[in-house]
Every structure is written in structure tokens, then in C-alpha cells.
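Okay, here's what each chain looks like letter by letter:
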Amino acid sequence: MPPLSFINFVLALLVAPLLLGVINKTKAFFAGRTGQPLLQAYFDLWKLLHKGAVYSRTATWVFRAGPVVGLACVVLAAAIVPFGGSRAMIAFPCDLILLAYLFGVMRFFTVLAALDTGSSFEGMGASREVQFSALAEPALLLGLAAVARLTGSYSLSDMLPALSMSAPANSGPVVVLVAGALLVVFLVENARIPVDDPNTHLELTMIHEVMVLDHGGPDFAFILYGAALKLWVLGSLLAGVAVPVRTGNAALDCAAALGVMLCLAVLVGVVESSMARLRLLRVPRLLVGAVVLSGLAFVLLLR
Amino acid sequence: MNAYIDIILLALIVSNLLLLGFSQIRSCINAVAFQGVALGALPLLAAAGGVSVWAALLGAFTIGLKGVIFPRLLLHAYREADVRHEVEPYIGFTASTLAGFAALAVSAWLCSRLSLFGGDLSSLAAPVSFFMVFVGLFVIVSRKKAISQILGYLVMDNGMYVFGVVMLREMPLLVDLAVLMDAFAAVFVMGVAVYHINREFDHMNVDQLDRLKG
């Protein structure tokens, strides 16, 4: 295992909550507010970890397992996705499928924990989450398949570093299409605004937030941290496809990728400040659009 | 140059998919207007041996006609008709988008089977022009509002324009301009027809026109 990939992994673990801070600062800037401190997510995590948890008497072990399994899955995913042109900590052929399944397991346990509370409200959120992610997954897998075909390898650690700004001319349209699809997947999977609003707690339109309402204390800290890490993992996937900066110097590449991630967080903040949430019935149309975009990228490569 | 042409062709693909997915007529007209502006840049990029006066003229003419005048005409007809805003498709929006995807796959396959001459500028050009013709046909048969039929006709015409400009390149300017004028006349006549259909029947849904037969 090269030392740089270990450093990148630790970087992901440490810096992920900062992205939430950048997003919130951007939104505050657009609204003309000062906003919460940049490191608020770290303070929240620290506070939550020192609290006790309250469990309902009707909830079973599944409810307690949900946050732990979710966090474990996303930490493993962070070890698979390469960052800034260097290989990831864990790399083997076809690990892109494991990535999709890790997110699947994470979602499965979050949904199970939500259903385990017995609240109909949480069941509604679980149903929406499953419906939307069922549509987002083909977009992710087809997009990754297109990149795999473009670069001729099936491991994320070979695929993403192989992309570069000076790629052959015919890869341009493919990369643009895949990046568009991945951006939609990124927003959907992280429950960001065109699909779900992480800040409001308006009952009938919540998706992700509603599923974690009954968690408290360290469990909720795990969920918050897992969400931040998921934002980082999918973001680094998107950044690796859309803006592959390859200077040859590993440290420079890493710094550039970090800059791209911060820009991505600002972009998310701009999107959240400038557009409203889609109507719930229209979300599938957006997701099918993303599937079609990555399908188009795949078709363009098949010719 | 090639990369720019590819990006424009890509924008055409995406605008077609948006046309299939939009539920508001106004947004559909805007998508087609965007297509017109994107098409106008093609002759400049595809011109052999640098930008010539003729290519610039054709580009300007295309942008003016397809990007500005057609959309204005259609928006005018749409406002005059004063109808409900929805497109009213026979086939749902999600299914339409998937059909568009299938159309692109089919046209890519078709073009890989045909040995088309020319096309050294972009390997994407022939599939995209076939794709646009298919999408135009699909819009014509799958939408109820008469104004959507005009949009479908325009998209078909745009597909042929892509084929002419990028694949053939050497098409005489006079032919191009004549085709553009024909399209203009057709859209003009159809706009007037839509207006009259709407005034006579209080709606412009074409699915009830067959009741007219004696």
C-alpha cells in the first residue's frame, strides 16, 4: 500500500465534515447572513458524541445497527475511491461494483432502522429514499461502465487516474455526459436540493432527514459523519471524472483535487441557493434523465 | 475544431432530450430556439479552409431564422391561442425520454452499418442527424397540441441541416438558404394554421381532427 493513498484516506476522514461547512457558508453568503462557523459540523459531532442515546422500547437491535453499519460501509467506500490521481487504499478489478453495493448496504440498513421505529412517517421517507435510489443506481453504474470502457480497466484506482485533461478527442463528449449524470447522482444520493432539502423539516417533503429523526446522541453523530463522508466519496468520484488534473507531481495533484472538492461544495451551495426543490413527482424524470445521459455516454463508446 | 463540433452536437442531443422531457410548451419552444443558435455555429466550425464569408452568412442566417424568428412566431401563435400550458403527450415524459435514448442507440447502430461518405469532421455527426430526424418524427406522432407538431417538424429539419453542414460541407450556399426559406414558409403557414384551428375549434388538439371527415 503506497503511503500517499493512506494519507489521502486519512485526509478524507478528517476533511469530509468541512465540506458541509463550506456549503453552509456559501448558502449564508447568498442569503446575506454571516452563517454558522465553518467548523460547525465538527462541533456538532463532538457535542453529539458526548451525549447519551435514548432508545424506544419497541425498537430492536436493527435500530442500533443502522448507524454503525452505515458508517462502516461509507468508510470502506472511502478506502476504495481514489483521490487526486493516486491509487486508493483498496484496489482490485471490478471494485466499482463493490462501491455501488456498499452504498446499497448503507441505504438498506438506514431504511431498515427507519422502518424498525414503527413510525409511519419514517416509513414514508424510507419508501421515497428507496424509490429514488433505485433510479439513481443505474445512472451511477452505467456512468462508471462508460468510464471503464473508455479507460479499458475495471478498477476505480486504474480508471480515474487514467483520465486526464489531455485525453484523446473522442473522450470529451463521454466525460461531459458522465460528469453530468454523476452530478445528478451526487445530489440525489446526498439528499441535496433539487431532490431533498437537508435543512428544512417540512414533514411531507422530507426524504433523508425523516429517516434519521429518531436517532440521537452518538448514533446521530455516526449518521451525520457518514453523510459527510458520503458527500466526500461521491464528490471525489465526480471530481476525478470531471476535472482530472494530472501534473505528474503527486502532492500537487492531491492539492488540486482538494481545491476541486471545495469548488464542488461551493457549487452545491450555489445550486441550493439559486433553485427550489423539484416537485416530488418530477424527481423520477430528473433521474431518468441522468440514466439516459450515462447511457448515451456508453452508446457513444460502443460505436 | 473537431472538439468544438462534438460539443455542439452534444448540446443538440441534450436539447432534444429536454424537448422530450419538458411538460411546458414554452420550455419546448426555448429548447428548439437553443438548437437553432447551436446550429448557427456549425457552418463556421465546419467550413473547409477557415471561416469564409459564405459560411458566416449561412451561420448568421440560421441563427436569425431558427434561433430568433421561428421561436418568436411560435410564441406569438402560442400566446394568441391562449391554451393550457401542458404539452399533453400520448406517451409519458419519462417514456419519451427513454424513447429518445433508444432512438440515439438505433441511429448509432444504423450509422455503424452504413458506410457513409465524408464525415471526417466528427464521427458523431451522422448518428446525431439521424437521431434528430427520429426525435422529430416521435414528437410529431406522440403529442396532441398542434404547436408540438411544428416543433417536431423543425427538429427534423435541424437534423437534415446537421447532415448537410457537417457531413457534406460542400453544399452550395444557395441550396442551404433555399431550404431555410422553405422551412420559414412552412413554419409561417403552420403558425397561421394553428391560430385558425384554435379559433375555429377552441383548442388545438390534433387528436380530434379526424372527426371532421364526412
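Residues numbered from 1 in each chain as written. Chains lettered and ligands numbered in written order. Predicted model: local features only at pLDDT ≥ 70, side-chain atom pairs only at ≥ 80, totals over all residues. Heavy atoms only, no water.

Counting secondary structure elements, chain B contains seven helices and zero strands. Moving toward the C terminus, one meets the helices and strands of chain B in the order α-α-α-α-α-α-α. Out of the 214 residues belonging to chain B, those deemed buried represent 48%. Of the contacts made within chain B by residues no fewer than 6 positions apart, 80% connect residues no fewer than 24 positions apart. About 10000 Å² of surface is accessible on chain B, with carbon and sulfur atoms providing 67% of the total. (Helix = DSSP H or I, 4+ residues; strand = E, 2+ residues; numbered from the N terminus. Buried < 20%, exposed > 50% of the residue type's maximum accessible area, 1.4 Å probe, protein only. Contact = heavy atoms within 4.5 Å. Areas by Shrake-Rupley, 256 points an atom, 1.4 Å probe, with all protein chains shown as cover.)

Moving on: the packing of helix 5 (residues 120-151) of chain A against helix 7 (residues 171-189) of chain A. All names here are of chain A. Their axes nearest at 9 Å, the elements helix 5 and helix 7 cross at an angle of 150°. One element, helix 5, and the other, helix 7, form an angle in the roughly antiparallel class. The two elements helix 5 and helix 7 meet at a crossing, and its hand is left-handed. Touching Phe-132, Ser-133, Ala-136, Ala-139, Leu-140, Gly-143, Ala-146, Val-147 and Leu-150 of helix 5 are Ser-171, Val-174, Val-175, Val-178, Leu-182, Val-185, Val-188 and Glu-189, all from helix 7. Tallied by class, residues from the contact of helix 5 with helix 7 come to 13 nonpolar, three polar and one charged. (Axes fitted to C-alpha atoms, helices over the stretch in contact; angles between N-to-C directions. Parallel < 35°, antiparallel > 145°, perpendicular 65-115°, else oblique. Left-handed = near helix turned anticlockwise from the far one by under 90°. Nonpolar A, V, L, I, M, F, W, Y, C, P; charged D, E, K, R; others polar.)

Attention shifts here to the interface of chain A and chain B. At the junction of the two partners, chain A supplies 14 residues and chain B supplies 18 residues. Taking both sides of the interface into account, the surface hidden between chain A and chain B amounts to around 1500 Å²; carbon and sulfur atoms contribute 81%. Inspection of the chain A/chain B interface yields zero salt bridges. Where chain A meets chain B, there are one residue pair in polar contact (both at pLDDT 80 or more). Listing elements by their share of the side of chain A that touches chain B, those giving two or more residues are helix 7 and helix 11 (283-302) of chain A. A total of eight residues in the side of chain A that touches chain B trace back to one element, the largest contributor, which is helix 11 of chain A. Taken together, the residues that form the side of chain A that touches chain B break down as 10 nonpolar, one polar and three charged. (Buried area = accessible area lost by both parts, 1.4 Å probe. Salt bridge = Lys/Arg side-chain N within 4 Å of Asp/Glu carboxyl O. Polar contact = N/O pair within 3.5 Å; in protein donor to acceptor, adjacent residues only side chain to side chain.)

This part covers the environment of Ala-100 of chain A. Residues and elements named next belong to chain A. The topology assignment puts Ala-100 in helix 4 (residues 95-116). Using a relative accessible area of 3% as the deciding quantity, one classes Ala-100 as buried. Separated by 37 residues in sequence, Ala-100 and Glu-137 have C-alpha atoms that sit 7.3 Å apart. With residues up to four places along the chain from it excluded, the contact list for Ala-100 reads Glu-137, Leu-140 and Leu-141.

Below, the discussion takes up the packing of aromatic side chains. Residues and elements named next belong to chain A. Evaluated as defined, the whole model comprises six aromatic pairs over all chains. Between Phe-29 and Phe-30, the ring centres sit 6.0 Å apart and the planes meet at 85°, which makes this aromatic pair edge-to-face. The class of Phe-30 is partly exposed, set by a relative accessible area of 46%. It is Arg-64 that lies over the ring of Tyr-55; its NZ or CZ is 3.8 Å from the centre. (Phe/Tyr/Trp six-rings, centres within 6.5 Å; stacked < 30°, edge-to-face > 60°. Lys NZ or Arg CZ within 6 Å of the ring centre and 35° of its normal.)

Let us now look at the pattern of salt bridges. Residue and element names in this part refer to chain A. One pass over the structure, following the stated rule, counts eight salt bridges over all chains. Between Arg-87 and Asp-158 there is a salt bridge, and its shortest N-O distance comes to 2.6 Å. With a gap of 71 residues between them, Arg-87 in the loop between helix 3 (61-80) and helix 4 and Asp-158 in helix 6 (residues 156-162) connect regions that are remote in the sequence. Taking relative accessible area as the criterion, Asp-158 reaches 34% and is therefore assigned partly exposed.

Residues and elements named next belong to chain A. Within the largest apolar cluster, 137 residues are counted, with the highest numbers of intra-cluster contacts made by Leu-99, Leu-156 and Leu-237. Among the elements that line this core, the one with the most residues is helix 9 (residues 218-242), at 12 residues. The residues contacting Leu-237, other than those within four sequence positions of it, are Val-81, Leu-99, Leu-140, Leu-144, Leu-156, Leu-160 and Leu-182. Judged by nonpolar contacts, the second largest core, of six residues, contains Ala-126, Met-206, Val-210 and Met-211. (Core = buried A, V, L, I, M, F, W, Y, C linked by side-chain atoms within 4.5 Å.)

As a further point, take a nonpolar patch on the surface. A contiguous nonpolar patch, built from Leu-76, Ile-90, Phe-92 and Leu-98 of chain A and spanning about 280 Å² of accessible area, is present on the exposed surface. Summarising the element assignment, Phe-92 of chain A is placed in the loop between helix 3 and helix 4. (Patch = residues over 30% accessible without salt bridge, like charges linked within 9 Å, V, L, I, M, F, W, Y side chains within 5 Å.)

As a further point, take the confidence of the model for chain B. All names here are of chain B. Model confidence for chain B is summarised by a mean pLDDT of 82, while 89% of its residues fall at 70 or above. Across chain B, helix 5 (residues 125-142) holds the top mean pLDDT of 91, while helix 7 (residues 173-201) sits lowest at 77. Reported for the predicted complex are a pTM of 0.87 and an ipTM of 0.76. (pLDDT = per-residue confidence, 0-100.)

Let's shift gears to helix 4 (residues 93-113) of chain B. All names here are of chain B. In this model helix 4 runs 30 Å from its N-terminal to its C-terminal C-alpha over 21 residues, within 8% of the 30 Å that 1.5 Å per residue would give. Of the positions making up helix 4, those classed as buried are Phe-93, Ser-96, Thr-97, Gly-100, Ala-103, Leu-104, Ser-107, Ala-108 and Cys-111. Down the axis of helix 4, the buried side of the element spans an arc of 130°, and every buried residue falls inside it. Structural note: helix 4 exposes Trp-109 and Arg-113 on the side pointing more than 90 degrees away from its buried face. (Expected span 1.5 Å × (residues − 1). Arc of directions from axis to C-beta.)

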